[in-house]
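The residues making up each chain are set out below.
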Amino acid sequence: MIPYGRQDISQEDVDAVVDVLGSDYLTQGPRVPMFEQALCDSSDARFATVMNSATSALHVACLALDVGPGDEVWTSPITFVASANCALYCGASVGFVDIDPQTGNMSVDALEERLIAAERDGRLPKVVIPVHLGGNPCDMPAIHRLARRYGFSVIEDASHAIGGSYADGRVGSCRYSDITVFSFHPVKIVTTAEGGAALTNSEDLAEKIRLLHTHGITRDEDRMQGPSQGLWYYEQIALGFNYRMTELQAALGLTQLKRLDDFVSARHVLARRYDEMIDPLPVSPLRRNVDCYSGLHLYVIQIDDELGDCRAEVFARLRASGIGVNVHYIPVHTQPFYARLGFSTGDYPAAENYYRRAISLPMYHTLSSEEQDQVVSALRHALP
Ligand SMILES: *Cc1c(COP(=O)(O)O)cnc(C)c1O
């Protein structure tokens, strides 16, 4: 089976992790801050806090922005459930903004329409979480303008987009957002097994994120409520979590990150090749913004509307011929848990139409051109 995504672990990665096992610190040692610094350097953000997952990073990011009961957080329905769940963890409610069918990203027009209505009803969101689907950056300058106009904060869910760029800067630089979150799950672009990060340029947000990801405990005397009672002393000043990343993971992240730009450029070679090869077929790839640079975590195709409801058959035929295709994503609002919160099928028609036609083809930088030929040939035969 050719999988839809997979990690690439080099001997240098292995050696880095084994070194940690023989060192003094398995957690809370020197490699975690080194990895954080490397992330800041590679994405032009001032502060980074690494964590045990992107889900944790999204949770803490919402808390740092004071999301709580009575607040609304809006995201795209075409994302992994974690982009919406983070708001529920904080006791807030979730809203969705329908997608632009060309890119699969949150539609800025739909966002503006919803904001106009929400302002009228006095229910503006506290935070909006755009998701860079497949790594292709959302229209962040436009979202940033709306954030200023309507007074909400922005968390970029860049789980797919590390190594990508906007027209004028790296994803992760937070030039259009308050906080950006990366994921280092093995199917993503660089991996730490499980892992994630929250990046920001705000010192205040960075301090809150850091505090909350480790129990709400501080050893910084300036932040303590009372005087320090000695060198052992720490104070818990907020209710935080244990969301820390281990030294083993940070060591792996450090060596993986060195290859980030190579990984992403190899994905671009593959994507351009897919674009050409599928051009004669009744499918189309998601549009990548030409003035941006995608992280290209995913290569999603949409089956042409005229072929009707055939995705399940095409998908089954591809799997049967050894192609590990996948679907990204089942619209979050149609999940049974979200249906219980009052959402229903029909709420976000563009997302639902996208879902009916979507298939993710294998995309990872060690995919060979022979394997790619095999994928496209299987696709040709699988289509009706
Ligand atoms: C993978 C993913 C997450 C969650 O990442 P974890 O590191 O597995 O917690 C969140 N959002 C999106 C869009 C993702 O693809």
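Going by the structure above, here's the rest.
What counts as what
All residue numbers refer to positions counted from 1 along the written sequence of the respective chain. Predicted model: local features are reported for residues with pLDDT of at least 70 only, side-chain atom pairs are reported and counted for 80 or more only, and whole-chain, interface and lining totals are derived from all residues. Here the side-chain values reflect all heavy atoms present in the structure, with hydrogen atoms and water set aside. Buried Ala, Val, Leu, Ile, Met, Phe, Trp, Tyr and Cys residues that are joined via side-chain atoms within 4.5 Å together make up what is termed a nonpolar core. The buried label applies to any residue whose accessible area, calculated with a 1.4 Å probe on protein chains only, is under 20% of its type's maximum; exposed applies above 50%, and partly exposed to all values in between. Runs of E in the DSSP output that reach at least two residues are strands. Runs of H or I that reach at least four are helices, and both are numbered from the N terminus. For a helix, the expected span equals 1.5 Å multiplied by the number of residues minus one. What makes two residues a contact is simply this: any of their non-hydrogen atoms within 4.5 Å. In this analysis, rings of Phe, Tyr and Trp, with Trp reduced to its six-membered ring, are considered paired at centre separations within 6.5 Å, and the interplanar angle assigns stacked below 30 degrees, edge-to-face beyond 60, and tilted for intermediate values. When the NZ atom of lysine or the CZ atom of arginine is within 6 Å of a ring's centre and also within 35 degrees of its normal, the charge is said to sit over that ring.

### Concerning the nonpolar core
Counting 45 residues, the largest nonpolar core has F96, I129, I155, I179 and Y354 as the members making the most contacts within it. Among the elements of the structure, α3 (54-64), α4 (82-89), β3 (93-96), β4 (127-129), β8 (179-183), α7 (203-212) and α12 (349-357) are those that each provide at least two residues to this core. Take this core: its biggest share by element is seven residues, from α3. Core analysis: the next-biggest nonpolar cluster, separate from the first, contains 44 residues, V32, V154, A197 and V264 among them.

### Side note on helix α8 (residues 247-258)
With twelve residues, α8 extends 17 Å between its outermost C-alpha atoms, agreeing within 8% with the 16 Å of an ideal straight helix rising 1.5 Å per residue. Most of α8 is tucked away: ten of the twelve residues are buried. Residues E247, Q249, A250, A251, L252, G253, L254, T255, Q256 and L257 constitute the buried set of α8. On its buried face, α8 is in contact with α1 (11-21), α2 (31-43) and α9 (260-278).

### Observations regarding the packing of aromatic side chains
With the rule as written, the count across this model stands at nine aromatic pairs. Taking the centre distance of 5.4 Å and the plane angle of 80 degrees together, the rings of Y166 and Y176 count as edge-to-face. Placement of Y166 in strand β6 (residues 165-166) and of Y176 in the loop between β7 (169-170) and β8 is noted, with a sequence separation of ten residues between them. With a centroid separation of 6.2 Å and 45 degrees between ring planes, the pair formed by Y338 and F343 is classed as tilted. Residue Y338 shares its accessibility class with F343, and that shared class is buried. Against the face of W74 rests R114, its NZ or CZ located 4.4 Å from the ring centre. The ring of Y355 carries the charged tip of R311 above its face, separated from the ring centre by 4.6 Å.

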